[in-house]
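# Chain and residue survey
For reference, the chains in residue letters:
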Amino acid sequence: GENVEQHPSTLSVQEGDSAVIKCTYSDSASNYFPWYKQELGKRPQLIIDIRSNVGEKKDQRIAVTLNKTAKHFSLHITETQPEDSAVYFCAASIGGSYIPTFGRGTSLIVHP
Amino acid sequence: GAVVSQHPSWVICKSGTSVKIECRSLDFQATTMFWYRQFPKQSLMLMATSNEGSKATYEQGVEKDKFLINHASLTLSTLTVTSAHPEDSSFYICSANGFVGRADTQYFGPGTRLTVL
């Protein structure tokens with residue numbers, strides 16, 4: 001089955017800095033890669049996603065890049081704010097199965 | 001759109017009792033619902049996949065007789081933790097996907113915190 005590795009497990013940055021979270025996946029058939037943000041005790045919220053026919057996608061301060069050849073994808077957050085502090089999960093799924101495999105999560109801490 | 005609710009949000013029960021958790025898609029029909037378990041500071045662990053009108057598909061290592069899943073309609077799935085024990089204490093989250101937006105996007109419920117004494 002699919003295996004998703006996520007790094008780092010913890011990321012601490014100063015407000016205004018950029019943050020990058022990286023994930024790798026094992027199954028070359030995976031073609032959908034969502035990113036979720038989960039605040040303490042709350043539900044995961046989809047913040048951005050990318051499909052394998054696209055190399056990069058941006059939404060305001062958030063961007064995701066995908067390298068299909070290397071089987072890795074990354075989340076980039078620019079101009080970080082304290083409210084960005086949360087746990088971020090990457091995931092990979094194969095179109096049609098709709099069952100994502102999640103990474104282990106990255107705890108992002110943005111210091112004011 | 002694409003709101004998923006869960007009830008209850010938290011529950012405390014005695015060891016040996018059964019607990020039922022409901023997951024509802026409020027504004028769309030969910031062809032598939034998923035049940036996850038999450039331990040503190042850990043990732044989401046898929047327990048089972050539930051399709052309306054059919055038996056749930058359980059992940060390896062998940063006891064189907066302990067975690068009963070029923071998906072009676074396109075908007076409701078239930079998870080019953082039978083004969084709960086303290087080790088079953090966890091955060092249980094459901095998710096649903098359907099034909100709102102894109103079919104492969106999962107929408108999560110708010111989770112249920114189960115504490116077994």
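The residue numbering used here restarts from 1 in each chain and proceeds along that chain's sequence as written. Chain letters start at A and ligand numbers start at 1, both assigned in the order the entries are written. Given that the model is predicted, a residue must reach a pLDDT of at least 70 before its local features are reported, and side-chain atom pairs must reach 80 or more before they are shown or counted; all residues, however, enter totals for whole chains, interfaces and linings. Based on all heavy atoms of the structure, the side-chain values leave hydrogens and waters out of the count.

Cis geometry is found at the peptide bond from His-7 of chain A to Pro-8 of chain A, where omega equals -5 degrees. Helix and strand definitions here come from DSSP, where helices need a minimum of 4 consecutive H or I residues and strands a minimum of 2 consecutive E residues; each element is numbered from the N-terminal end. Note on placement: Pro-8 of chain A falls in the loop between strand E1 (4-7) and strand E2 (10-14). Looking along the chain, the bond that leaves His-7 of chain B and enters Pro-8 of chain B is cis, with omega of 0 degrees. In this structure, Pro-8 of chain B sits in the loop between strand E1 (4-7) and strand E2 (10-13).

So, on to the pattern of salt bridges. Residue and element names in this part refer to chain A. Whenever Lys or Arg places a side-chain nitrogen within 4 Å of a carboxyl oxygen from Asp or Glu, that contact is recorded as a salt bridge. According to the stated counting rule, one finds 6 salt bridges over all chains in the structure shown. Glu-39 serves as the salt-bridge partner of Lys-42, at 4.0 Å between the closest nitrogen and oxygen. When its relative accessible area of 48% is taken as the criterion, Lys-42 is described as partly exposed. For Glu-39, a relative accessible area of 35% corresponds to the partly exposed category. Between Asp-49 and Lys-57 there is a salt bridge, with its nearest N and O atoms 2.9 Å apart. Partly exposed residues are those whose accessible area sits between 20% and 50% of the maximum for their type, while under 20% is buried and over 50% is exposed, using a 1.4 Å probe and protein chains only.

A few words now on the packing of aromatic side chains. When two rings of Phe, Tyr or Trp (its six-membered ring) have centres within 6.5 Å they constitute a pair, described as stacked for plane angles under 30 degrees, edge-to-face for angles over 60, and tilted for the intermediate range. Counted according to the given criterion, the structure contains 12 aromatic pairs over all chains. Seen from their ring centres, Phe-33 of chain A and Phe-73 of chain A are 4.8 Å apart, and the 45 degrees between their planes marks the pair as tilted. Within this pair, whereas Phe-33 of chain A is found in strand E4 (residues 32-38), its partner Phe-73 of chain A is found in strand E8 (residues 72-77), the two being separated by 40 residues in sequence. Centroid distance Tyr-36 of chain A to Phe-108 of chain B: 5.2 Å. Interplanar angle 90 degrees. Geometry classified as edge-to-face. Residue Tyr-36 of chain A is found in strand E4, and its partner Phe-108 of chain B is found in strand E10 (residues 107-108); the two belong to separate chains. Phe-108 of chain B sits in the buried class, given a relative accessible area of 3%. Cluster of aromatic residues (ring-pair linked, three or more members): Tyr-36, Phe-89 and Phe-102 of chain A together with Tyr-36 and Phe-108 of chain B.

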